[in-house]
Amino acid sequence: AEAIGLYNLGQSCCLNSLLQVFLMNIHFTRILRRITVPPSPAQRRSNVPYQMLLLLEKMQCGKCKAVGPTELACCLSEHRVQLFVQHDAAQLFLTLWNLLKKQMKKPELVEELRDLYTICIQEHVACQKCSFEVKSKSTMLTLPLPVLDANSHRLKTLEDSLQYFFRPEELTGQNMCFCQQCGRKTTFLQSMKLVHLPQTLTLHLKRFCFERSSRTHKLSHSLSFPQELDLRQVLTESQCQAEDSEKATWQYELFAVVAHSGSASCGHYCAYIRSLTDCKWYCFNDSEVCQVSWDDVKCTYGHSNLYWRETAYLLFYMKKHPQ
């Protein structure tokens, strides 16, 4: 597939960037091509997977350097996704994914979509006074990774952020929990363990920080991320609750970066994507698409003094050797 741009319909850069990340993912488009076409014109107009498929086909007929995602945008607005407003890429990604999942009628496709993107985690809370513990499994679409530690010190690499995210936390003082065995509030240790990782792993760098003054500001200090990520090397044994056969697939290669430039209240998104067909990096900036180098992608690591510069916000990693 040729890399084709998407025209900006008016503040639609966030949507455009995410659509490119979905549609350049051949594992996703394989699922998309097998959807059931809704019977009536009205149903087709309001069906997100179908409108995405139409857009993909329009992009692949290859007659132009960019196409307009107008019908899809109108379809999304029927599902309360506002047009012509600033969106947050992490929230919009979740919204799009939920709409896709809800509107794909075939159960096996919904299952495949889940398998392709969802992360499974076991949360573990244990009383520090006795043997009482509670375990609960949960699924997540993205790992929301901190860019600062608890003392507001800057984390410098993606590996640091991941380790910090999975660090056990003591619940003391006001955060103490009631222990059924001790019959009173005690100190608990809360930890998260990784159970299963998907083919496409999405990481969300929490660069937008909500101050008490209710103004959001952007943390744009440098945080590096690797082209190759092996989670067995990043996390300890105790942070993983998985079979060796599962862990063997935890080697990833960077597939895409959704980057944000500007300030929290007024910004622009674009996507850097490594084509799975020719393995070259491209920058998708609305209707403009150009080939770039890994050094260009590294420019999205961030920069402490220039907060309006482009900074990585969502990272998409792809399994190197799936089972």
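As shown above, the structure is provided for reference.
This structure is a prediction, so every number in the text was calculated from the model and none was measured.

(A) Quick peek at the state of the cysteines. Under the criterion given, the structure shown has 0 disulfides. Left without a disulfide partner, Cys-61 is nearest to the cysteine sulfur of Cys-64, which lies 5.6 Å away. Note on Cys-61: relative accessible area 40%, which makes it partly exposed.

(B) Structural view of unusual backbone geometry. Its identity as a non-glycine residue notwithstanding, Ser-152 has a phi of 60°, on the positive side. Judged by relative accessible area, which is 53%, Ser-152 ranks as exposed. Backbone geometry places Cys-279, a non-glycine residue, at a positive phi of 60°. Relative to the helices and strands, Cys-279 resides in the loop between strand 15 (267-274) and strand 16 (281-285).

(C) Molecular detail of empty space enclosed by the protein. Taken as a whole, this structure holds 1 cavity of 30 Å³ or more when the rule is applied. Approximately 40 Å³ is the volume attributed to the largest cavity. Around the largest cavity sit Ile-35, Thr-36, Asn-47, Pro-49, Gln-103, Met-104 and Lys-105, which together line it. Residue composition of the lining of the largest cavity, grouped by class: 3 nonpolar, 3 polar and 1 charged.

(D) Summary view of the packing of aromatic side chains. For the structure on display, the rule yields 12 aromatic pairs. Relative to Phe-316, the ring of Phe-93 lies with its centre 5.4 Å away and its plane at 85°, an arrangement referred to as edge-to-face. On the criterion of sequence distance, the pair formed by Phe-93 in helix 6 (residues 89-103) and Phe-316 in strand 18 (residues 311-319) is long-range, its members being 223 residues apart. Accessibility expressed as a relative area gives 2% for Phe-93, which makes it buried. When its relative accessible area of 1% is taken as the criterion, Phe-316 is described as buried. Each ring, one from Tyr-269 and one from Tyr-313, has its centre 6.3 Å from the other, and the planes form 40°; the classification is tilted. Here the residue Tyr-269 occupies a position in strand 15, and Tyr-313 occupies one in strand 18, the gap between them amounting to 44 residues. Aromatic ring contacts, followed pair by pair, group Phe-22, Phe-28, Phe-93, Tyr-117 and Phe-316 into a single cluster.

Rules behind the numbers
- Residues numbered from 1 in each chain as written.
- Predicted model: local features only at pLDDT ≥ 70, side-chain atom pairs only at ≥ 80, totals over all residues.
- Heavy atoms only, no water.
- Disulfide = S-S within 2.5 Å.
- Buried < 20%, exposed > 50% of the residue type's maximum accessible area, 1.4 Å probe, protein only.
- Helix = DSSP H or I, 4+ residues; strand = E, 2+ residues; numbered from the N terminus.
- 1 Å grid on protein atoms, 1.4 Å probe; cavity = no way out; pocket = protein on both sides within 12 Å on 5 of 7 lines; lining within 4 Å.
- Points joined across faces, edges and corners; volume = space filled by probe spheres on them.
- Nonpolar A, V, L, I, M, F, W, Y, C, P; charged D, E, K, R; others polar.
- Phe/Tyr/Trp six-rings, centres within 6.5 Å; stacked < 30°, edge-to-face > 60°.

Fair warning: the whole summary comes from geometry, so function is off the table for now.
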